[in-house]
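For reference, the chains in residue letters:
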Amino acid sequence: MKTMHKPVYLAAGAYTMSLGTGRPEFNPRTPRPGLDHYIRQAGAATLAQVGDPEAIDESVIGNFMAARFNRQGHLGSLMTIVHPALEYKPSLRVEGACASGGLALASAVKSVLSGMADAVLVMGVEVQNTVKAIYCADFLAGAGWYDGERKDGHTYFFPGKFSDRAGAYSAKVGPEKARQAFAHWYRNAVESARLNPDAQEHFNRTADLVAQGLTPPNPKGFTDHLNLFDCSKVSDGAASIIVASEEGWRRLGLARQDVVELAGYGQMAANLTAPPPDLTEMTTCRRAAEQAMAMAGTGIADMGVAEVHDCFTVSGVLLTEALGMAGPGGGADAVLEGLTRRDGRWPTNTGGGLVGYGHPTGATGVRMAVDLWRQLTGRAAGYQVDVKKDHGILVSMGGNDKTVVSMILKR
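Structural notes, computed from the coordinates. Just so we're clear, the structure is a prediction, and the values are computed from it rather than from any experiment. (Residues numbered from 1 in each chain as written. Predicted model: local features only at pLDDT ≥ 70, side-chain atom pairs only at ≥ 80, totals over all residues. Heavy atoms only, no water.)

## A closer look at helix α1 (residues 35-47)
Between its terminal C-alpha atoms α1 stretches 18 Å, which fits the 18 Å expected from 13 residues at 1.5 Å a residue. For α1, every residue scored as buried is listed here: Leu35, Tyr38, Ile39, Ala42, Gly43, Thr46 and Leu47. Here the buried residues of α1 occupy an arc of 150 degrees about the axis, which is enough to place them on one side. In this fold, the buried residues of α1 make contact with β1 (9-15), β2 (58-62), α2 (66-69), α3 (75-78), β4 (119-127) and β5 (236-244). (Helix = DSSP H or I, 4+ residues; strand = E, 2+ residues; numbered from the N terminus. Expected span 1.5 Å × (residues − 1). Buried < 20%, exposed > 50% of the residue type's maximum accessible area, 1.4 Å probe, protein only. Arc of directions from axis to C-beta. Contact = heavy atoms within 4.5 Å.)

Okay, here's the thing in structure tokens:
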């Protein structure tokens, strides 16, 4: 197994409001902020936490589909608008569908490990509310195998893919238990979002969230096995954080209590043209998380907090199994028993996750790292949980379990 030959750290995280349906600031009929607004806002919030932006050696930005949503390419150059100190230094854009932010983190880690940089500003950004939902679904279908799957796929491509997983999981554990688990995942996500002022579901005041989550799917209007409450949001937003060596964070004027250490990580891709080997397992996520925990010399029992890619409630439930919180088919019981709740054994997606905070696709992996860093350093303010272990785990996923970055962070 590969190991890291020197310590790598994360610090100074920040993210913007997740803007989209549900936020009072959002109105689809009025002009809305573009990519540059979110890049400036997230980057400035990160640099405001460090002493000397000149100590940033390079930048990397994760983004999925700006070329179609915004007709904008060349984001590596666009990122230099954050601060003059970034100009005339290396800056690049990476893409891995919804794991683009996770890949941006991985790229920065490799730059630090190579010795080419001691401090890297990492950004993730996506602005998706530029088109109607039906076009958005088609753009996002590019995270699948477009030539081989799109024509015969669901109109809402990815909801259709994860509806298939929900149907298989319902057959495995029983439809009533599966639906209950999906509804409780939705309840947990919105309850955390209500504590996070930047979350898209922050203003959700539904009294009985479980009852809402139990709404029967409507195949005539959406999918066979998922309702709209099972889905993450169509979101605009950005997130940023710094990846640094010890020399790097010291040059930035940070102290040890400001940073968390990257204890292990796993990054891998599966064949985009092949169907999942088992619809009821997140195989690539499981393997990446196992690799990350092995590198860190830890197991799931050592984790005090988790950030997982719940693009749909069913993926959240399946990820509890992929991480080892439950055995195969046991994820529904784990959720129903409260193991992933804010006061549970593994507080999960404490800022709302993709269902509650929102899912600006290219930003999500970085946003997850920011929330993990906040929890481990006690900076999560109103949504802080009691983190009883020193480690936290992150799983950033692209497509239907095809590109995955998993990280173990240690306070």
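## Quick word on empty space enclosed by the protein
The full count for this structure, using the stated rule, is one cavity of 30 Å³ or more. By volume, the largest cavity is sized at about 70 Å³. Lining the largest cavity we find Trp185, Asn188, Ala189, Ser192, Asp310, Thr340, Arg341, Arg342, Thr348 and Asn349. Considered class by class, the residues forming the lining of the largest cavity number two nonpolar, five polar and three charged. (1 Å grid on protein atoms, 1.4 Å probe; cavity = no way out; pocket = protein on both sides within 12 Å on 5 of 7 lines; lining within 4 Å. Points joined across faces, edges and corners; volume = space filled by probe spheres on them. Nonpolar A, V, L, I, M, F, W, Y, C, P; charged D, E, K, R; others polar.)

## Section: unusual backbone geometry
Leaving glycine out, the prevailing phi sign among residues is negative, and the prevailing peptide bond configuration is trans. Positive phi outside glycine occurs at Ala12, with the angle close to 60 degrees. Here Ala12 shows up in strand β1. For Ala12, a relative accessible area of 2% translates into the label buried. Backbone geometry at His74 places phi at a positive 60 degrees, although glycine is not the residue there. Within the element layout of this structure, His74 appears in the loop between α2 and α3.

## A word on the pairing of strand β8 (residues 391-398)
With eight of eight residues buried, β8 is to be regarded as a mostly interior element. Across the two faces of β8 the burial is the same, with His391, Ile393, Val395 and Met397 and Gly392, Leu394, Ser396 and Gly398 all buried. As paired strands, strand β7 (residues 303-307) and β8 are joined by four bridges and run parallel to one another. Residue pairing for β8: Met303 is matched across the bridge by His391. Bridge count between β8 and strand β9 (residues 403-410): eight bridges; the pairing is antiparallel. Each bridged residue has a counterpart across the sheet, and for Ile393 the counterpart in β9 is Ile408. The antiparallel hairpin formed by β8 and β9 contains four residues in its connecting segment, where Gly399 sits at a positive phi of about 65 degrees. (Pairing = 2+ DSSP bridges.)

## Notes on the layout of surface pockets
The calculated volume of the largest pocket comes to roughly 1000 Å³. As for the largest pocket, its lining consists of 39 residues, of which Ala133, Cys231, Ser232, Lys233 and Val234 are closest to the centre. Here the lining of the largest pocket is composed, by residue class, of 24 nonpolar, 11 polar and four charged.

## Brief notes about the packing of helix α7 (residues 157-173) against helix α12 (residues 313-322)
Running from amino to carboxyl end, α7 crosses α12 at an angle of 60 degrees, the nearest separation of the two axes being 9 Å. Regarding the angle of α7 to α12, the classification is oblique. Crossing of α7 over α12 shows left-handed handedness. Residues Phe162, Arg165, Ala166 and Tyr169 of α7 lie in contact with α12, whose contacting residues are Val314, Ser315, Val317, Leu318 and Glu321. (Axes fitted to C-alpha atoms, helices over the stretch in contact; angles between N-to-C directions. Parallel < 35°, antiparallel > 145°, perpendicular 65-115°, else oblique. Left-handed = near helix turned anticlockwise from the far one by under 90°.)

## Thoughts on the packing of aromatic side chains
How two aromatic rings sit relative to each other is given by the distance of their centres and the angle of their planes. Considering all chains together, one arrives at seven aromatic pairs under this definition. With a centroid separation of 5.0 Å and 25 degrees between ring planes, the pair formed by Phe162 and Phe312 is classed as stacked. Placement of Phe162 in helix α7 and of Phe312 in the loop between β7 and α12 is noted, with a sequence separation of 150 residues between them. Judged on exposure class, the residue Phe162 and its partner Phe312 are both buried. Above the plane of the ring of Tyr15 lies Arg374, whose end atom (NZ or CZ) is 4.5 Å from the centre. (Phe/Tyr/Trp six-rings, centres within 6.5 Å; stacked < 30°, edge-to-face > 60°. Lys NZ or Arg CZ within 6 Å of the ring centre and 35° of its normal.)

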